[in-house]
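As a plain string of letters, each chain reads:
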Amino acid sequence: MFKALVLKKQDDANASVSVEDLNISDLPEGDVLVKVSFSTLNYKDALAITSSSPIIKNYPMVPGIDFAGEVEESNNDSFKTGDKVILNGFGVGEKHWGGMAQKARVKGSWLVKLPEQISLKQAMAIGTAGYTAMLCVIALEKNGMHPEKGEVLVTGATGGVGSIAITLLNNLGYQVCASSGRSEYHDYIKSLGAQRIINRSELSEKGRPLGKEIWAGAIDSVGSHTLANICASTKYGGIIAACGLAQGFDFPATVMPFILRGVTLVGVDSVYHSIEGRTEAWKRLTDDLNFEHLEKMIKTITFRDVEQTARNMLENKTHGRIVLDVNSY
Ligand code: NDP
């Protein structure tokens, strides 16, 4: 038997959340059984657990879009018992039982080996948010970004993606401008490496098709008017990596920044990103992340805290990274 958080459909709009004892035989198909050590609470998990958005494709569901743990049984040639592994995405925690459990059975083709330099807990402190932040940095670089081009904006600065994007960019030598709605976290944001902070209200309302050229690039986890305004204020030839929708999934922009300033907007998806791309991102995270900064971001919770913390996250009352220790409850 093992413990898992289980979501069960109540009606069209709601699901119940409970901690249950399950058998290994209850787990879905897969060729690798993992003893999970840590999962995390990502924005998408918060939407799923609170039934705020139709993230879950079938019930009952164990949520958790990521986990880190040790292989217990493997019928996959790439993994053997005792290997330490990370999972991010691939529909896990959405249509295949996820990481908020002490055991998970998944396809080996979804797993990445834990880099030797980091612990299972550090891997989940980074989690899907941090891995996505790294994918965004790589996307900027692949489109020609480098520190001499100028300041890079990071939105949703106190969040998981934003916090890790700031510290990564800072460590890589970039001047970082952070956008945040919470002045009480300015010291935290600065301690991660942002040189300048703007209030997110400067970006969140409908703006003009083109504005003053301010940023050489941006990592945006907010979407909506914020992303449109970033495009309008990006310098000639600038690059923006868009990965999130914390303000909204709409994108009320014009083509002007693209056709008059040659701005590049790159979409970043972590869920079905290639294994080669994931492996590169995790390698880069071990090399480029400031692990002292990572420590400042971590809050560790247990199963009992998940539901309330999910609500807090959607009300913008959490910051940094929320790590779920599935073995203490
Ligand atoms: P968090 O909840 O940790 O952070 C989101 C941050 O966005 C908040 O801390 C807040 O920062 C800001 N924010 C919240 N509400 C609003 C609002 N109404 N308007 C503007 N800003 C707001 O979430 P994550 O960092 O984990 O995820 C951020 C986004 O990225 C989510 O939309 C998530 O779904 C997406 N994402 C996408 C992935 C992909 O594969 N494309 C993978 C991972 C995440 P502050 O208070 O500092 O302003």
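Residues numbered from 1 in each chain as written. Predicted model: local features only at pLDDT ≥ 70, side-chain atom pairs only at ≥ 80, totals over all residues. Heavy atoms only, no water.

Peer 1: Before we move on, can you summarise the sheet that holds strand β11 (residues 215–220) with the specific residues and values?
Peer 2: The parallel open sheet is built from six strands, whose spatial order is β10-β9-β8-β11-β12-β13. Each edge of the sheet is formed by a strand with only one pairing partner; in this case those strands are β10 (196–199) and β13 (264–267). Strand-to-strand twist in this sheet, taken as the mean axis angle between neighbours without regard to direction, amounts to 20°. Looking at chain direction, strand β8 (residues 152–154) and strand β9 (residues 176–180) are connected through three bridges and run parallel. (Pairing = 2+ DSSP bridges. Helix = DSSP H or I, 4+ residues; strand = E, 2+ residues; numbered from the N terminus. Axes fitted to C-alpha atoms, helices over the stretch in contact; angles between N-to-C directions.)

Peer 1: Any chance you could break down the packing of helix α2 (residues 120–142) against helix α3 (residues 160–171) for me, citing the residues and the numbers?
Peer 2: Two numbers describe a pair of packed helices, the interaxial angle and the distance between the axes. Close contact between α2 and α3 brings their axes to 8 Å; oriented N to C, the two are set at 55°. It follows that α2 is oblique to α3 by the angle criterion. Once α2 is placed against α3, the crossing between them reads as right-handed. Between α2 and α3, the contacting residues are Ala125, Ile126, Ala129, Gly130, Ala133, Met134 and Val137 on the first element and Gly160, Val161, Ile164, Ala165, Leu168 and Leu169 on the second. (Parallel < 35°, antiparallel > 145°, perpendicular 65-115°, else oblique. Left-handed = near helix turned anticlockwise from the far one by under 90°. Contact = heavy atoms within 4.5 Å.)

Peer 1: Explain the domain arrangement of the protein chain residue by residue, including any values.
Peer 2: Buried accessible area, meaning the area lost when the parts come together, often serves as the stated size of an interface. Annotation of the protein chain at the domain level lists domain 1 (2–114 + 295–325) and domain 2 (128–267). Using only C-alpha atoms to locate each centre, domain 1 and domain 2 end up separated by 29 Å. With 13 residues of domain 1 in contact, the opposing surface of domain 2 contributes 17 residues. Each partner contributes to the roughly 1,200 Å² buried at the junction of domain 1 and domain 2, and carbon and sulfur atoms together form 54% of this total. The interface formed by domain 1 and domain 2 includes zero salt bridges. Counting across the interface, domain 1 meets domain 2 through nine residue pairs in polar contact (both at pLDDT 80 or more). Here the residues of the side of domain 1 that touches domain 2 sort into three nonpolar, six polar and four charged. (Domains from an automatic or database assignment. Buried area = accessible area lost by both parts, 1.4 Å probe. Salt bridge = Lys/Arg side-chain N within 4 Å of Asp/Glu carboxyl O. Polar contact = N/O pair within 3.5 Å; in protein donor to acceptor, adjacent residues only side chain to side chain. Nonpolar A, V, L, I, M, F, W, Y, C, P; charged D, E, K, R; others polar.)

Peer 1: Tell me about the site of the ligand, and please be specific about residues and values.
Peer 2: Not every one of the 25 residues close to the ligand is listed here, only the nearest: Val161, Ser180, Gly181, Arg200 and Ser270. Within the side chain of Ser180, one N or O atom sits 2.6 Å away from an oxygen atom of the ligand. In the environment of the ligand, an oxygen atom lies 2.8 Å from a nitrogen or oxygen atom belonging to the backbone of Gly181. The cavity where the ligand resides is the largest pocket. Of all the secondary structure elements, the ones that give two or more residues to the shell around the ligand are α2 and α3. Partitioning the shell around the ligand into residue classes produces ten nonpolar, twelve polar and three charged. Taken together, domain 1 (2–114 + 295–325) and domain 2 (128–267) each give at least three residues to the shell around the ligand, which thus spans both. (Near = heavy atom within 4 Å. 1 Å grid on protein atoms, 1.4 Å probe; cavity = no way out; pocket = protein on both sides within 12 Å on 5 of 7 lines; lining within 4 Å. Sits in = over half its atoms within 2 Å of the grid points.)

Peer 1: Mind laying out the nonpolar core, listing which residues take part and the relevant values?
Peer 2: The biggest cluster of nonpolar side chains holds 54 residues, and the ones touching the most others in it are Ile166 and Trp282. There are two domains that each give this core at least three residues, and those are domain 1 (2–114 + 295–325) and domain 2 (128–267). Among all residues touching Trp282, those that are not within four sequence positions of it are Ile86, Asn88, Val112, Pro115, Ile118, Ala123, Ile126, Gly127 and Tyr131. The next biggest cluster of nonpolar side chains, apart from the first, holds 43 residues, and it includes Val32, Ile49, Ala101 and Val106. (Core = buried A, V, L, I, M, F, W, Y, C linked by side-chain atoms within 4.5 Å. Buried < 20%, exposed > 50% of the residue type's maximum accessible area, 1.4 Å probe, protein only.)

Peer 1: Give a detailed account of the layout of surface pockets, specifying residues and quantitative values.
Peer 2: Roughly 1,200 Å³ of internal volume is contained in the largest pocket. As for the largest pocket, its lining consists of 48 residues, and the residues nearest its centre are Tyr43, Ser221, Gly244, Leu245 and Ala246. Within the residue set of the lining of the largest pocket, elements represented by two or more residues are α1 (43–49), α2, α3, β9, α6 (224–232) and α10 (303–314). Residue classes in the lining of the largest pocket are distributed as 19 nonpolar, 23 polar and six charged. When residues of the lining of the largest pocket are sorted by domain, at least three fall in each of domain 1 (2–114 + 295–325) and domain 2 (128–267). (Points joined across faces, edges and corners; volume = space filled by probe spheres on them.)

Peer 1: Could you give an account of the packing of α2 against helix α8 (residues 275–288), naming the residues involved and the relevant values?
Peer 2: It is the contact of α2 with α8, at a shortest axis distance of 9 Å, that shows an interaxial angle of 100°. Classified by the angle between their axes, α2 and α8 sit roughly perpendicular to one another. Seen from α2, the contacting residues are Ala123, Ile126, Gly127, Gly130, Tyr131, Met134, Leu135, Val137, Ile138, Glu141 and Lys142; seen from α8, they are Gly277, Arg278, Glu280, Ala281, Trp282, Arg284, Leu285 and Asp288. Tallied by class, residues from the contact of α2 with α8 come to ten nonpolar, three polar and six charged.

Peer 1: Talk me through the pattern of salt bridges; I want residue IDs and the actual numbers.
Peer 2: Under the defined criterion, the tally for this structure stands at 13 salt bridges. One salt bridge in this structure joins Glu213 and Arg261, with 3.5 Å as the shortest N-O distance. Within this pair, whereas Glu213 is found in the loop between α5 (201–204) and β11, its partner Arg261 is found in helix α7 (residues 256–261), the two being separated by 48 residues in sequence. With relative accessibility at 11%, the residue Arg261 sits in the buried group. A salt bridge links Glu307 to Arg311, with the shortest nitrogen-to-oxygen separation between them at 3.5 Å. With Glu307 and Arg311 both in helix α10, this residue pair falls four residues apart, about one helical turn.

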